[in-house]
There are 2 protein chains.
Amino acid sequence: MSIITAVDVIDVRFPTSQSMDGSDAMNKDGDYSAAYVILRTDEPGLSGFGFTFTIGRGNDICVLAAQQRAQPLIGRTVLDLVSDLGGIYRELKSDSQLRWLGPEKGVEHLAMAAVMNALWDLAARHSGKPLWLLLADMSPRQIVDAADLTYLSDALTRGEALAMLEELAPTRAERIAKLEVTGYPCYTTSAGWLGYSDEKLRLLCQEAVDAGFTHIKLKVGANKDDDIRRLGIARSVIGYETNLMIDANQVWDVPEAIERIAALAEFKPLWIEEPTSPDDVLGHAAVRKAVAPIGVATGEHGMNRVLFKQMFQAEAIDYCQVDAARLASINELLAVYFMAKKFGVPVCPHAGGVGLCELVQHLSIFDYVAVSGTLEDRVTEYVDHLHEHFVEPCIVKNGAYVVPTQPGYSAEMYETTLNAYAFPHGTYWASVQDLR
Amino acid sequence: MSIITAVDVIDVRFPTSQSMDGSDAMNKDGDYSAAYVILRTDEPGLSGFGFTFTIGRGNDICVLAAQQRAQPLIGRTVLDLVSDLGGIYRELKSDSQLRWLGPEKGVEHLAMAAVMNALWDLAARHSGKPLWLLLADMSPRQIVDAADLTYLSDALTRGEALAMLEELAPTRAERIAKLEVTGYPCYTTSAGWLGYSDEKLRLLCQEAVDAGFTHIKLKVGANKDDDIRRLGIARSVIGYETNLMIDANQVWDVPEAIERIAALAEFKPLWIEEPTSPDDVLGHAAVRKAVAPIGVATGEHGMNRVLFKQMFQAEAIDYCQVDAARLASINELLAVYFMAKKFGVPVCPHAGGVGLCELVQHLSIFDYVAVSGTLEDRVTEYVDHLHEHFVEPCIVKNGAYVVPTQPGYSAEMYETTLNAYAFPHGTYWASVQDLR
């Protein structure tokens, strides 16, 4: 019986601020980073890899929190853990002293995501299946047992969750077969970072269309005239057959959001993303009512399932953008997917950052196979950077994620990457220090 | 011109879990702790003291976060900082890399509270006034300039905030004079921790009545029959002239809360506190509708002003229980007080823990003097423990906080306390280690 022998948590940071990759109206100079967890076992070749995503400073705080949160795993039997992923999740989250620091939000929740992502990765590797298939091979009851339904019973009962999974269980194989041909549809955000020049924007829009993308997203929210000019450039390149989405990254108050979105309505965006504070359920509902038919999207900073519950109850969003490294891994994500299905809101996960694309492809595929059963109005984010650091990077062809086949949650980074970008003593960061 | 020369952040922990002080249905064995910030200056005798409150493990994470958050203060001129407490708040919170870890919630927000609390303490000491008077001597415009109104304009405009302060400004002195006679009314939670025996509960209820308290709070939420028995004991001692409040510390789902509260209605509680997830605005609104005339109270885990805005907009609460170490200090608290006034909800701050009573007395006094102008339906929490560690502990007489007169935010701990309870190397913790 193999056991968990050690937990290593590594502060990995990439100097993305230098290229303005990832620049938006709120986050002008992020250094994309990961608090990267390795669960080591005494079984040769078996480890679990997971992470949460941050944008630089403070990544060390997440590392410390993840180290503490993972301590109870050391010495535990792998088989026990992977056979009851709901049980160990509840055990880790039951630490009331650590709970106080959230509860279920902020650094502690990011750390919980990192640790549980690594444990789900370990479970998938242990079973020899990619994560989406590990889930898709579980019975409805096993899936619901893994989900965190705490605080949700006024919106979704356990019975309802079971019933929706049971309805689709007999036909899961058909949808898997379909996706293996088509892939899962995605859109690109790589064209439209706020720090890019007009020329670069034009070029990247054309490249995106040429690569087969039917949905393209641009950052907005800094300056009103710039927004209008940039959207004009994008539409002049991609036309109106291709969908255009816009993302304000939380910079507006509610009345301001309504006014600024109205000024962009002529460009017919499919959705406005993060128009205001990610915590503001009622604010999003007000914006949504005011800007229809432009859809409202949010969720990458959605702190936990209770926030998403309210977004659904208040009819505040048209698109639900869960984040695989901010919610507490599959356990909490499952609950959001169940609620989204019940309330009829498509889940279009947030991705990009470090490795988020690698994770969310599994979520979207599982959602289609076992929960929603449809691709309608669904498109998952894709951003083309930092994939080269992953041992099994996601593959996008013709605007769609190719179904992953390797065991795990696609979360493993190369040793060479860790050696170079560990902060502050990796070879890259040490060399930068030397130059100063 | 004196400057900030250093920032020390100390991990202070008290072994409260041994006595079950502070035990409730969610938090069974907290070790009350503080991430304690000292802003040192080169002016003899001038320092600023502040903290956030946690319940043990993870306090070190808050310490690390506070150290990072406070770095930009080092080398800055004290006079510049204390003359523009809104400006420095906005500067510290504008770090977009650290913002990602919340935003404005969890560990990073607790750390921001600790640092800004210390800076407000420094400002009050620098002016030679207790914090409540520092505020009460500011003009309406100065107060509004210090407040964080971001994301609030759909509920409260800057103009509205100014107007409410201007209306009461001419009569501030009258209310100060009144409070100097009566003190600010408070209630006690010391009687009803969940880990206490029936006998101890009975004794403490009698002591509370004898001490002049007109409001007493009990913990509920563990076991239904225990709740009924304990409330019966309390009512048999205090009668129905004294107000009884109950606190479930977030252990129920929404439907469960409604059912469990109904079973306690015969004891006529004034309010039910934290009936469910602190994030659940719509859940609290549903509970409030169902359990009226029992009031609904929450806020000690209210993560930021955007949450409180929604609590008010959704008419979800009857009592607003802000926490002085969870919201980002005076800057954010001011905004909540303004909104509470506009929406007609009394603010009854959460206290207890480590030093929270010392802080909230200032808030309540300022609220009465300059914002709400009334004591109606207002009562501030008081818990009788750990005050002996503070250089200027709050004083409660006849169920009321005595107006503090010493300069500062009453946040300074004794050196002897720090030497004993610094974790893990203080003399107390070292001696406990030796025993193991």
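All values derive from a computational prediction rather than experimental measurement.

(A) Looking closely at the environment of Arg69(B). Residues and elements named next belong to chain B. By secondary structure assignment, the location of arginine 69 is in helix 1 (residues 59-70). Residue classification places arginine 69 among the buried residues on the basis of a relative accessible area of 6%. Separated by 179 residues in the primary sequence, arginine 69 and alanine 248 place their C-alpha atoms 33 Å from one another. Residues contacting arginine 69, with those up to four places away along its chain left out, are Leu92, Lys93, Asp95, Leu98, Glu108, Met112 and Val115.

(B) Spatial organisation of the interface of chain B and chain A. Residue-level contacts link 60 residues of chain B with 60 residues of chain A. Of all residues in chain B, the largest losses of buried area upon contact with chain A belong to Gln97(B), Trp100(B) and Tyr151(B), amounting jointly to 18% of the total for that side. For the pair chain B and chain A, the interface holds six salt bridges. There are 34 residue pairs in polar contact (both at pLDDT 80 or more) connecting chain B and chain A. Elements with a contribution of two residues or more to the side of chain B that touches chain A: strand 3 (47-54), helix 1, helix 4 (96-99), helix 5 (106-127), helix 12 (254-262), helix 13 (281-291) and helix 14 (305-313) of chain B. Considering each element in turn, the side of chain B that touches chain A owes the most residues, six residues, to helix 1 of chain B. Looking at the side of chain B that touches chain A residue by residue, the class counts come to 25 nonpolar, 19 polar and 16 charged.

(C) Examining the sheet that holds strand 2 (residues 33-41) of chain A more closely. Residue and element names in this part refer to chain A. Strand order in the open sheet formed by three strands is 1-2-3, with antiparallel pairing between adjacent strands. Of all strands in the sheet, those bounded by a partner on one side alone are strand 1 (4-13) and strand 3 (47-54). Adjacent strand axes in the sheet meet at a mean angle of 15 degrees, parallel and antiparallel pairs treated alike. Contacting strand 1, strand 2 and strand 3, helix 1 (residues 59-70) runs over the sheet at an angle of about 170 degrees to strand 1. Packing of helix 5 (residues 106-127) onto the sheet brings it into contact with strand 1, strand 2 and strand 3, and relative to strand 3 it is tilted by some 150 degrees.

(D) Up close: the sheet that holds strand 2 (residues 33-41) of chain B. Residues and elements named next belong to chain B. Taken in spatial order, the three strands line up as 1-2-3 in an open sheet, and their pairing is antiparallel. If you trace the sheet from one side to the other, it starts and ends with strand 1 (4-13) and strand 3, each paired once. Ignoring which end each strand starts from, the neighbouring axes of this sheet average 15 degrees apart. Both strand 1 and strand 2 contribute to a ladder of nine bridges, which runs antiparallel. Bridge pairing in strand 2 links aspartate 11 to alanine 35. The strands that helix 5 touches are strand 1, strand 2 and strand 3; relative to strand 3, the one it contacts most, it runs at about 150 degrees.

(E) Up close: the relation of the copies chain B and chain A. When chain B is fitted onto chain A, the two copies agree to an RMSD of 0.0 Å after a turn of 180 degrees and an axial shift of 0.0 Å. The transformation just described matches what one would write down for a two-fold rotation axis. Residues of chain B ranked by C-alpha distance from the rotation axis are headed by Gly106(B), positioned 2.1 Å from it. Both copies share a contact surface, since 100% of the interface residues of chain B are interface residues in chain A too.

(F) Fine view of the packing of aromatic side chains. If you walk through the whole model with that rule in mind, you get 26 aromatic pairs over all chains. Here Tyr421(A) and Tyr428(A) contribute two aromatic rings whose centre-to-centre distance is 5.4 Å and whose plane-to-plane angle is 35 degrees, an arrangement assigned as tilted. Ring centres 4.7 Å apart and planes at 50 degrees place the aromatic pair Trp271(B) and Tyr319(B) in the tilted group. Within this pair, whereas Trp271(B) is found in strand 7 (residues 271-273), its partner Tyr319(B) is found in strand 9 (residues 319-320), the two being separated by 48 residues in sequence. The exposure class of Trp271(B) is buried, given its relative accessible area of 0%. Cluster of aromatic residues (ring-pair linked, three or more members): Phe14(A), Tyr421(A), Phe423(A), Tyr428(A) and Trp429(A). Directly above the ring of Phe423(B) sits Arg13(B), whose terminal nitrogen or CZ lies 3.9 Å from the centroid. Over the face of the ring belonging to Tyr240(B) we find Arg235(B), whose NZ or CZ atom lies 4.3 Å from the ring centre.

(G) Here's a closer look at the UniProt feature "domain: Mandelate racemase/muconate lactonizing enzyme C-terminal" (unreviewed entry) in chain A. In the UniProt entry, the feature "domain: Mandelate racemase/muconate lactonizing enzyme C-terminal" (unreviewed entry) is given for residues 198-294 of chain A. Taken end to end, residues 198-294 of chain A comprises 49% helix and 13% strand; its first and last C-alpha atoms sit 25 Å apart.

(H) How the structure looks around the packing of helix 8 (residues 158-168) of chain B against helix 16 (residues 356-371) of chain B. Residue and element names in this part refer to chain B. Two elements in contact, helix 8 and helix 16, have axes whose closest approach is 8 Å; the angle formed by their N-to-C orientations is 85 degrees. Compared by their axis directions, helix 8 and helix 16 come out roughly perpendicular. Taken together, the residues of helix 16 that come into contact with helix 8 (itself represented by Met164, Leu165 and Leu168) are Val369, Ala370 and Val371. Looking at the contact of helix 8 with helix 16 residue by residue, the classes come out as six nonpolar, no polar and no charged.

(I) Fine view of the nonpolar core. One finds Ile272(A), Phe338(A), Ile272(B) and Phe338(B) to be the most contacted residues of the largest nonpolar core, which totals 307 residues. Excluding residues that lie within four positions of it along the chain, Ile272(B) makes contacts with Val220(B), Ile246(B), Ala248(B), Trp252(B), Ile261(B), Val291(B), Ile294(B), Gly295(B), Val296(B) and Ala297(B).

(J) Highlighting the pairing of strand 8 (residues 295-298) of chain B. Residues and elements named next belong to chain B. Residues Gly295 and Ala297 line one face of strand 8 and the alternating positions Val296 and Thr298 line the opposite face, and both faces are buried. Where strand 7 lies against strand 8, three bridges are found, and the strand directions are parallel. By the bridge assignment for strand 8, isoleucine 272 is matched with valine 296. In this region the chain leaves strand 7, passes through helix 13 and returns to the parallel neighbour strand 8; the handedness of that crossover is right-handed. Here strand 8 pairs with strand 9 via two bridges, running parallel. Within the sheet, the bridge partner assigned to threonine 298 lies in strand 9 and is cysteine 320. Crossover connection from strand 8 via helix 14 to parallel strand 9: handedness right-handed.

Procedures and definitions
- Residues numbered from 1 in each chain as written.
- Chains lettered and ligands numbered in written order.
- Predicted model: local features only at pLDDT ≥ 70, side-chain atom pairs only at ≥ 80, totals over all residues.
- Heavy atoms only, no water.
- Helix = DSSP H or I, 4+ residues; strand = E, 2+ residues; numbered from the N terminus.
- Buried < 20%, exposed > 50% of the residue type's maximum accessible area, 1.4 Å probe, protein only.
- Contact = heavy atoms within 4.5 Å.
- Buried area = accessible area lost by both parts, 1.4 Å probe.
- Salt bridge = Lys/Arg side-chain N within 4 Å of Asp/Glu carboxyl O.
- Polar contact = N/O pair within 3.5 Å; in protein donor to acceptor, adjacent residues only side chain to side chain.
- Nonpolar A, V, L, I, M, F, W, Y, C, P; charged D, E, K, R; others polar.
- Pairing = 2+ DSSP bridges.
- Axes fitted to C-alpha atoms, helices over the stretch in contact; angles between N-to-C directions.
- Least-squares fit on C-alpha atoms with pLDDT ≥ 70 in both.
- Phe/Tyr/Trp six-rings, centres within 6.5 Å; stacked < 30°, edge-to-face > 60°.
- Lys NZ or Arg CZ within 6 Å of the ring centre and 35° of its normal.
- UniProt positions renumbered as here; feature names shortened; annotations may be inferred.
- Parallel < 35°, antiparallel > 145°, perpendicular 65-115°, else oblique.
- Core = buried A, V, L, I, M, F, W, Y, C linked by side-chain atoms within 4.5 Å.
- Right-handed = clockwise from strand over helix to strand, strands pointing away.

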